[in-house]
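Overview (structure and organization)
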Amino acid sequence: MASRTATRALARTALSAARAPLATRVLGAAPRFAARAAAPAIASSFQQTRGLKTLEFGGVEEKVYERSDWPKEKLLDYFKNDTIAVLGYGPQGHGQGLNLRDNGLNVIVGVRKDGRSWKKAVAEGWVPGKNLFSIEEAADKGSIVLNLLSDAAQRDLWPTIKPYITPGKTLYFSHGFAITYHHQTHVKAPEGVDVVLCAPKGSGATLRTLFLDGKGLNSSIAVYQDASGHAHERVVALGVAIGSGYLYETTFEKEVYSDLFGERGILMGAINGLFRAQYDVLRAQGHSPSEAFNETVEEATQSLIPLIGAKGMDWMYANCSVTAQRGALDWHQKFYDASLPVFKDLYESVKNGTESQRALDKNSQPDYRESLEVELEEIRESEIWRAGKTVRSLRPENNK
């Protein structure tokens, strides 16, 4: 089994990582700005101001901005005259809003009054009339408006929000969707307004968890419209304030294209399809559910993918059995050839607006949450994931 050798390598990697300083273990790791008992000791090792770096990625040079150039005191001074309004309290609104608040900035939240998000915000310490308002009130009060509503809600509520996005303000997004597909969303940059983007490379929940752990999630930044002449500096500062570790430059268009493409591809859609296909073939050939799941999902997620994440694909191959190495090297090109046309079709569907229109249409349906639950239940109740539930229950950490 490939994972026997790989598991030993993973253990060595984990031990080495545990002995290494925090900054060398997590890309973008830095002390979180919110007060914690251990914060002073951690922060002392990050006093150097490194700021902008030019790094080589596969032979291509790119600019990277580091959070070390924006310590908490500098952020507080930079935003001392600003009110940061977070519109929406979904995954990104929740994570970014709480991180901004913990960093000591003047932040308010805008959601539909008495709705589910309003009640969640109240439960997490936001106070109606003080730092929790309706969407219109928050947009009016904010000098920096973080539009973190869902893509469909950004389209539907833009006529309501637009009158409050007046010259001199900053309009911030964490997704290039609304601006890039403006012919579908009707969201266009108002005159006299800085329009910027900071897109964390992960969920809002991950952004929040890493922040609380004293780490930072990498993010992409972009400037669509620079009315003030300082939009770039401002989005870098905002990126650090929400909990980013490192910041990479992109454009609104490239961000949304890569995001939609990745989610439908390797990150979520393709991996689910590949898991299902391999599992179904094993079951059709008489393998038990537990064996099929272990050889398809469990070994991948628990043993091999962590090795790829630690040191790359070649490292994972090098730490597997010779038989596994040979098979992977012989077969990977066949999978590449088979999937390349599908990925090309997918990218074109993203680029021409087919995927964005489908998302807007589907997510705008009044029964969307109910129909989504039906689809998720179908996945949850399929044999592969019912088998997986039992396999996961057998992990040592779940039997303490």
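Above this note sits the structure.
Reference entry: report on the structure contained in this document.

How each quantity is defined
Residues numbered from 1 in each chain as written. Predicted model: local features only at pLDDT ≥ 70, side-chain atom pairs only at ≥ 80, totals over all residues. Heavy atoms only, no water. Helix = DSSP H or I, 4+ residues; strand = E, 2+ residues; numbered from the N terminus. Buried < 20%, exposed > 50% of the residue type's maximum accessible area, 1.4 Å probe, protein only. Contact = heavy atoms within 4.5 Å. Areas by Shrake-Rupley, 256 points an atom, 1.4 Å probe, with all protein chains shown as cover. Expected span 1.5 Å × (residues − 1). Arc of directions from axis to C-beta. Axes fitted to C-alpha atoms, helices over the stretch in contact; angles between N-to-C directions. Parallel < 35°, antiparallel > 145°, perpendicular 65-115°, else oblique. Nonpolar A, V, L, I, M, F, W, Y, C, P; charged D, E, K, R; others polar. Core = buried A, V, L, I, M, F, W, Y, C linked by side-chain atoms within 4.5 Å. Pairing = 2+ DSSP bridges. Patch = residues over 30% accessible without salt bridge, like charges linked within 9 Å, V, L, I, M, F, W, Y side chains within 5 Å. Salt bridge = Lys/Arg side-chain N within 4 Å of Asp/Glu carboxyl O. Phe/Tyr/Trp six-rings, centres within 6.5 Å; stacked < 30°, edge-to-face > 60°.

Topic: the overall build of the chain
Scanning the chain from N- to C-terminus turns up 20 helices and 10 strands. Scored against the burial criterion, the 400 residues of the chain give a buried share of 41%. Taking contacts inside the chain between residues at least 6 apart in sequence as the whole, the part at least 24 apart equals 68%. For the chain, the computed accessible surface area is about 21300 Å², with 55% contributed by carbon and sulfur atoms.

Thoughts on helix 14 (residues 269-284)
The end-to-end C-alpha distance of helix 14 is 23 Å, a good match for the 22 Å that 16 residues give at a rise of 1.5 Å each. For helix 14, the set of buried residues is F275, Y279 and L282. For helix 14, the buried positions fall inside an angular range of 60 degrees around the axis, keeping them on one side. Exposed and facing more than 90 degrees away from the buried side of helix 14 are L274, V281 and A284. In this structure, the buried residues of helix 14 make contact with helix 15 (289-311) and helix 20 (383-393).

Let's talk about the packing of helix 5 (residues 91-102) against helix 11 (residues 204-212)
Running from N to C, helix 5 and helix 11 cross one another at 25 degrees; their axes reach a closest spacing of 7 Å. Comparing their axes, helix 11 and helix 5 come out roughly parallel. Along the contact surface, helix 5 presents P91, Q92, G95, Q96, L98, N99 and D102, while helix 11 presents G204, A205, L207, R208, F211 and L212. Across the contact of helix 5 with helix 11, the residue classes tally to six nonpolar, five polar and two charged.

A word on the nonpolar core
Grouped together as the largest cluster of nonpolar side chains are 36 residues, with contacts concentrated most on I84, L100, W126, L146 and Y172. Considering every element that reaches this core, the biggest residue donor is helix 12 (residues 231-241), with seven residues. With residues near it in sequence (within four places) discarded, Y172 still touches Q96, V145, L146, N147, L148, V196, C198, L238 and I242. If you look at the next biggest cluster of nonpolar residues, it comprises 24 residues, including A85, A153, A178 and L197.

Remarks on the sheet that holds strand 1 (residues 52-57)
Pairing within the open sheet is mixed, and its 10 strands lie in the order 1-2-10-9-8-7-6-3-4-5. Because the sheet does not close on itself, it has two edges, and the strands there are strand 1 and strand 5 (132-133). Relative to strand 9 (residues 217-225), strand 8 (residues 194-200) is paired through six bridges, and the arrangement is antiparallel. Bridge pairing in strand 9 links A199 to S220. Across the sheet, helix 5 lies against strand 3 (84-87), strand 4 (107-110), strand 6 (144-147), strand 7 (170-173) and strand 8, angled at about 160 degrees from strand 3, the strand it touches most. Across the sheet, helix 12 lies against strand 2 (60-66), strand 3, strand 6, strand 7, strand 8, strand 9 and strand 10 (244-249), angled at about 155 degrees from strand 9, the strand it touches most.

Remarks on a nonpolar patch on the surface
On the surface, I266, L267 and M268 cluster together into a nonpolar patch covering about 350 Å² of accessible area. Mapping M268 onto the fold places it in the loop between helix 13 (252-264) and helix 14.

Section: the packing of aromatic side chains
What the rule picks out here adds up to 14 aromatic pairs. When the ring of Y78 is compared with that of F79, the centres are 5.0 Å apart and the planes differ by 90 degrees; the resulting orientation is edge-to-face. Its relative accessible area of 21% is what places Y78 among the partly exposed residues. When the ring of F177 is compared with that of Y181, the centres are 5.2 Å apart and the planes differ by 65 degrees; the resulting orientation is edge-to-face. Across the pair, exposure class does not vary: F177 and Y181 are buried alike.

A few points about the environment of A227
Among the secondary structure elements, A227 is positioned in the loop between strand 9 and helix 12. Counting along the chain gives 60 residues from A227 to P167, while the straight-line C-alpha distance between them is 8.5 Å. Every residue in contact with A227, bar those within four places of it in the chain, is listed here: G192, V193 and D194.

Brief notes about the pattern of salt bridges
Under the defined criterion, the tally for this structure stands at 11 salt bridges. A salt bridge links D156 to R155; its shortest N-O distance comes to 3.0 Å. By relative accessible area, D156 is classed as partly exposed at 45%. Judged by its relative accessible area of 18%, R155 is buried. Its salt-bridge partner being R264, residue E355 comes within 2.8 Å of it at the nearest N-O pair. Residue E355 is located in helix 18 (residues 354-363), and its partner R264 is located in helix 13; the two are separated by 91 residues in the primary sequence. With a relative accessible area of 11%, E355 lands in the buried category. Here the salt bridges do not stand alone but share partners, grouping E263, R264, E355 and R358 into one network.

Description of the packing of helix 14 against helix 20
Axis separation between helix 14 and helix 20 bottoms out at 10 Å; the angle between their running directions is 90 degrees. The orientation of helix 14 with respect to helix 20, classified from their angle, is roughly perpendicular. Side by side, helix 14 and helix 20 meet where N272, F275, R276, Y279 and R283 of the first sit next to E383, I384, W385 and A387 of the second. Of the residues assigned to the contact of helix 14 with helix 20, the class counts are five nonpolar, one polar and three charged.

These results come straight from atomic positions and should not be treated as a statement about function.
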